[in-house]
Amino acid sequence: MKKMIVSAAIVCALAGCEEANEAIDKAQEAANSAVDSIQDKVDAVDFSELNLDSLENATAYAKEFTESMEEALTADLTNADVVADVQEKVANSYACLVDATSESTAEKLLNKFMSAIGSEDTQSLIEKGVEKAKAAKECVM
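So, how was this worked out
Residues numbered from 1 in each chain as written. Predicted model: local features only at pLDDT ≥ 70, side-chain atom pairs only at ≥ 80, totals over all residues. Heavy atoms only, no water. Phe/Tyr/Trp six-rings, centres within 6.5 Å; stacked < 30°, edge-to-face > 60°. Helix = DSSP H or I, 4+ residues; strand = E, 2+ residues; numbered from the N terminus. Buried < 20%, exposed > 50% of the residue type's maximum accessible area, 1.4 Å probe, protein only. Expected span 1.5 Å × (residues − 1). Polar contact = N/O pair within 3.5 Å; in protein donor to acceptor, adjacent residues only side chain to side chain. Salt bridge = Lys/Arg side-chain N within 4 Å of Asp/Glu carboxyl O. Core = buried A, V, L, I, M, F, W, Y, C linked by side-chain atoms within 4.5 Å. Contact = heavy atoms within 4.5 Å.

(A) Summary view of the packing of aromatic side chains. This structure, assessed with the given rule, holds two aromatic pairs. Relative to tyrosine 94, the ring of phenylalanine 65 lies with its centre 5.7 Å away and its plane at 55°, an arrangement referred to as tilted. With phenylalanine 65 in helix H2 (residues 52-74) and tyrosine 94 in helix H3 (residues 80-100), this pair connects stretches of sequence that are 29 residues apart. With relative accessibility at 0%, the residue phenylalanine 65 sits in the buried group.

(B) Region of interest: H3. Taking 1.5 Å of rise per residue, 21 residues should cover 30 Å, and H3 covers 30 Å from first to last C-alpha, within 8% of that figure. Residues of H3 that are buried include every one of Val86, Gln87, Val90, Ala91, Asn92, Ser93, Tyr94, Ala95, Cys96 and Leu97, and no others. The opening residue of H3 is asparagine 79, an N-cap whose side-chain oxygen sits 3.0 Å from the backbone nitrogen of aspartate 81.

(C) Quick peek at the pattern of salt bridges. What the rule picks out here adds up to four salt bridges. Between glutamate 71 and lysine 89 there is a salt bridge, and its shortest N-O distance comes to 3.1 Å. Residue glutamate 71 is found in helix H2, and its partner lysine 89 is found in helix H3; the two are separated by 18 residues along the sequence. By relative accessible area, which is 26% here, glutamate 71 ends up partly exposed. For aspartate 85, the salt bridge goes to lysine 89, with nearest N and O atoms at 3.6 Å. Of this pair, aspartate 85 and lysine 89 both sit in helix H3, separated by four residues, roughly a single helical turn. Residue aspartate 85 is classed as partly exposed on the basis of its relative accessible area of 37%.

(D) Inspection of the environment of threonine 59 at higher detail. Mapped onto the fold, threonine 59 is located in helix H2. Here the alpha-carbon distance between threonine 59 and leucine 97, two residues 38 residues apart in the chain, equals 8.6 Å.

(E) Spatial organisation of the nonpolar core. The biggest cluster of nonpolar side chains holds 18 residues, and the ones touching the most others in it are Phe65, Val86, Val90, Tyr94, Leu110, Ile126 and Val130. Broken down by element, this core gets its largest block of residues, six residues, from H3. Tyrosine 94 has contacts with Phe65, Glu103, Ala106, Glu107, Leu110, Val130, Ala133 and Lys134, leaving out every residue within four places of it along the chain.

Structure follows, in structure tokens:
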């Protein structure tokens, strides 16, 4: 009787091992399929088309926009020529930043500046420059 019970236990254990092996094989097949799919996607990406110059341009235009914001903060708002010059610089730098990045990126940067500026006159000056940039829609630097 003991031999039968031991034999039955061994048969059950072997059957369990077989099921475990099948589950492992299925998991390995699924993993291999996923790796093949990812490899195909990586192979399809052409990194030679990545334009690093555009990233450098975006940085340069962000710097130009920042400088135009600083100039707006220190501008003599009683001098019409200075106001016109600053508006032009804000417009050009904003348009170039939009061209190099996106309008939403430029808006986010603009909003950060505007929230830090306490002078309504300066904010108005900057807003007019940005409106002018949106109307022109081209970079002139």
